[in-house]
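These are the residues of each chain, in order.
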Amino acid sequence: MRIAVTGSKGQLGRTLLRQLQAEEVLGLDIPEHDITDLMALDATLARFRPNVVIHCAAMTDVDGCERDPDAAYRLNVLGSRNVAVCAERVGAAIVAISTDYVFDGSQSEPYRETDEAHPLSIYGRTKWLGEETVRHLCPRHYIVRVAWLYDAGPRNFIATVLRLADQRDHVQMVTDEIGSPTYAHDVALALDQLIRLPAYGTYHLPNAGICSRYEWAAEILRLAGRSDDLRLEPSEHYPRLARVPKRVEMRNVNGAEIGITMRPWQEALAARFRDAGDA
Ligand SMILES: NC(=O)c1ccc[n+]([C@@H]2O[C@H](COP(=O)([O-])OP(=O)(O)OC[C@H]3O[C@@H](n4cnc5c(N)ncnc54)[C@H](OP(=O)(O)O)[C@@H]3O)[C@@H](O)[C@H]2O)c1
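The following refers to the structure shown. In this text the structure is predicted, and so the values were computed from the model without any measurement.

Our next topic: the overall build of the protein. Helices and strands together make up the secondary structure of the protein, namely ten helices and twelve strands. The C-alpha atoms of the protein give a radius of gyration of 18 Å, which matches the 19 Å a tight globule of 279 residues would have. Here the C-alpha coordinates of the protein stretch approximately 55 × 40 × 35 Å along the principal axes. Per-residue burial over the protein gives 46% buried out of 279 residues. Long-range contacts, defined here as pairs at least 24 residues apart, represent 80% of the contacts in the protein between residues at least 6 apart.

So this is what it looks like as structure tokens:
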């Protein structure tokens, strides 16, 4: 199998490049490969002839999307349109990675893949429009929603909490934002299974279970052996530009039907600390 990965220098893209079982994997990221350049992307994919394109590239700075909605639209919607069109032209299936932020969090039950999207932010809205564009343009699509993503790299919540533990003796963390921390390694394993099955459709593949940012930070400090270095204080509200859902739990119905399940977030987080060796 030949696989192209967009956003290949990001958290999930890097992990996929390391983990995918494939004859050849081509990474596409800026500045060498800009998915907003349709003609260049078309030429690159025509040369590489992938069987599958895994589309991870996105504007993921949620507050940044509020500040520059045009840039968010250009990348998350038009960029996704370009990837979809070019994948279709070379006969490749497409995996489009999306987010729990397509939901508004008002539902008390876990969200199923079939539940209606109601994004609150520009990020959520442009990701939803990106999903819809892919659905319309590529019959052979997998839309895979994940949530609070992390790898062992320097640009995520875990890295921020550990940095704060180096710099401060106490910090406030919100208890009113609840979601599913998700290890990029686990998503890559699930995608490696999924792309081998013609089970096209929409998937919810975060790690199982939910917690608040406060509980997540506490578990990070515990696993890192830093609970004594940083005192966490619960806070109810953290002012930010984007409106984000208060509580989203996504239920994995479609993946479970074909034997693709995700382990609990606590187990995945512990594995991240074992893998990275910084505990
Ligand atoms: N991070 C999360 O918590 C989270 C949660 C739910 C869903 N997701 C979704 O999961 C996917 C992967 O997230 P991630 O955390 O791995 O993202 P990430 O680390 O921000 O990676 C995205 C990559 O895409 C690159 N990129 C930006 N513009 C591009 C362009 N025009 N052409 C090609 N590549 C471009 C970025 O480069 P620069 O860094 O230089 O801009 C970056 O390397 C995204 O679709 C995201 O929406 C993420």
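Here we come to the environment of Ala256. Following the sequence through the fold, Ala256 ends up in helix H9 (residues 254-257). Once the C-alpha coordinates of Ala256 and His204 are considered, the two residues, 52 residues apart in sequence, prove to be 9.7 Å apart.

What follows is about the site of the ligand. For the ligand, the set of nearby residues contains 27 residues, the closest of which are Gly7, Gly10, Gln11, Ala57 and Ala58. Among the elements that take part in the shell around the ligand, helix H1 (residues 11-19) stands out by supplying three residues, more than any other.

Take the nonpolar core next. Residues Ile54, Ala87, Ile94, Val95, Val144 and Leu191 are the most contacted members of the largest nonpolar core, which totals 79 residues. Sort the elements by how many residues they give to this core and helix H4 (residues 69-89) lands first, with six residues.

It is worth spelling out the pairing of strand E2 (residues 24-28) at this point. Judged from the five bridges that link them, strand E1 (residues 2-6) and E2 form a sheet pairing that is parallel. Counted as the bridge partner of Ile3 is Val25 from E2. Taking the sense of rotation as the criterion, the β-α-β connection linking E1, H1 and E2 turns out right-handed.

With respect to the helices and strands, Gly179 occurs in strand E8 (residues 178-179). For the pair formed by Gly179 and Tyr101, sequence separation is 78 residues and the distance between their alpha carbons is 10.0 Å.

Below, the discussion takes up the sheet that holds E1. The six strands lie next to each other as E2-E1-E3-E4-E5-E10, forming an open sheet whose pairing is parallel. Single-partner strands in this sheet number two, and they are E2 and strand E10 (201-204). Sheet twist, expressed as the average angle between the axes of neighbouring strands with direction ignored, equals 20°. The pairing of E1 with strand E3 (residues 52-55) spans four bridges and is parallel. Bridge pairing links Ile3 to Val52 in E3.

This part takes up H4. Here H4 contains 21 residues, and its C-alpha end-to-end distance of 29 Å stays within 8% of the 30 Å for a straight helix at 1.5 Å per residue. The largest bend along H4 reaches roughly 30° and is located at Leu78. Along H4, the positions that sit buried rather than exposed are Ala72, Leu75, Asn76, Gly79, Ser80, Asn82, Val83, Ala84, Cys86 and Ala87. Those residues of H4 hidden inside the fold are in contact with E1, helix H2 (38-48), E3, helix H3 (62-67), strand E4 (93-99) and helix H5 (122-137). Just downstream of H4 lies Gly91, where phi reads positive at about 75°.

Moving on to the environment of Ala270. Counting through the fold element by element, Ala270 comes out in helix H10 (residues 265-276). A count of 17 C-beta atoms within 10 Å places Ala270 in the partly exposed class.

Any two packed helices are characterised by the angle at which their axes cross and by the distance between the axes. Across the interface, helix H6 (residues 157-167) lies against helix H8 (residues 213-223) with an axial gap of 10 Å and an inter-helix angle of 65°. On the basis of the axis angle, H6 is roughly perpendicular to H8. Classified by chirality, the crossing of H8 by H6 is right-handed. Contacts between H6 and H8 involve Phe157, Ile158, Val161 and Ala165 from the former and Trp216, Ala217, Ile220 and Leu221 from the latter. When its residues are assigned to classes, the contact of H6 with H8 shows eight nonpolar, no polar and no charged.

A few words on the packing of H2 against H4. Two elements in contact, H2 and H4, have axes whose closest approach is 9 Å; the angle formed by their N-to-C orientations is 30°. When the axes of H2 and H4 are compared, the crossing they make is right-handed. In this structure, H2 uses Leu38, Leu41, Asp42 and Leu45 to contact H4, whose residues at the interface are Asn82, Val83, Cys86, Ala87 and Arg89. Partitioned by chemical class, the residues of the contact of H2 with H4 number six nonpolar, one polar and two charged.

Parameters at a glance
- Residues numbered from 1 in each chain as written.
- Predicted model: local features only at pLDDT ≥ 70, side-chain atom pairs only at ≥ 80, totals over all residues.
- Helix = DSSP H or I, 4+ residues; strand = E, 2+ residues; numbered from the N terminus.
- Rg over C-alpha atoms; globule rule 2.2 N^0.38 Å.
- Buried ≥ 20, exposed ≤ 12 C-beta atoms within 10 Å, placed from the backbone.
- Contact = placed C-beta atoms within 7 Å.
- Near = placed C-beta within 6 Å.
- Core = buried A, V, L, I, M, F, W, Y, C linked by C-beta atoms within 7 Å.
- Pairing = 2+ DSSP bridges.
- Right-handed = clockwise from strand over helix to strand, strands pointing away.
- Axes fitted to C-alpha atoms, helices over the stretch in contact; angles between N-to-C directions.
- Expected span 1.5 Å × (residues − 1).
- Bend = angle between axes of the 7 residues up to and from the residue.
- Parallel < 35°, antiparallel > 145°, perpendicular 65-115°, else oblique.
- Left-handed = near helix turned anticlockwise from the far one by under 90°.
- Nonpolar A, V, L, I, M, F, W, Y, C, P; charged D, E, K, R; others polar.

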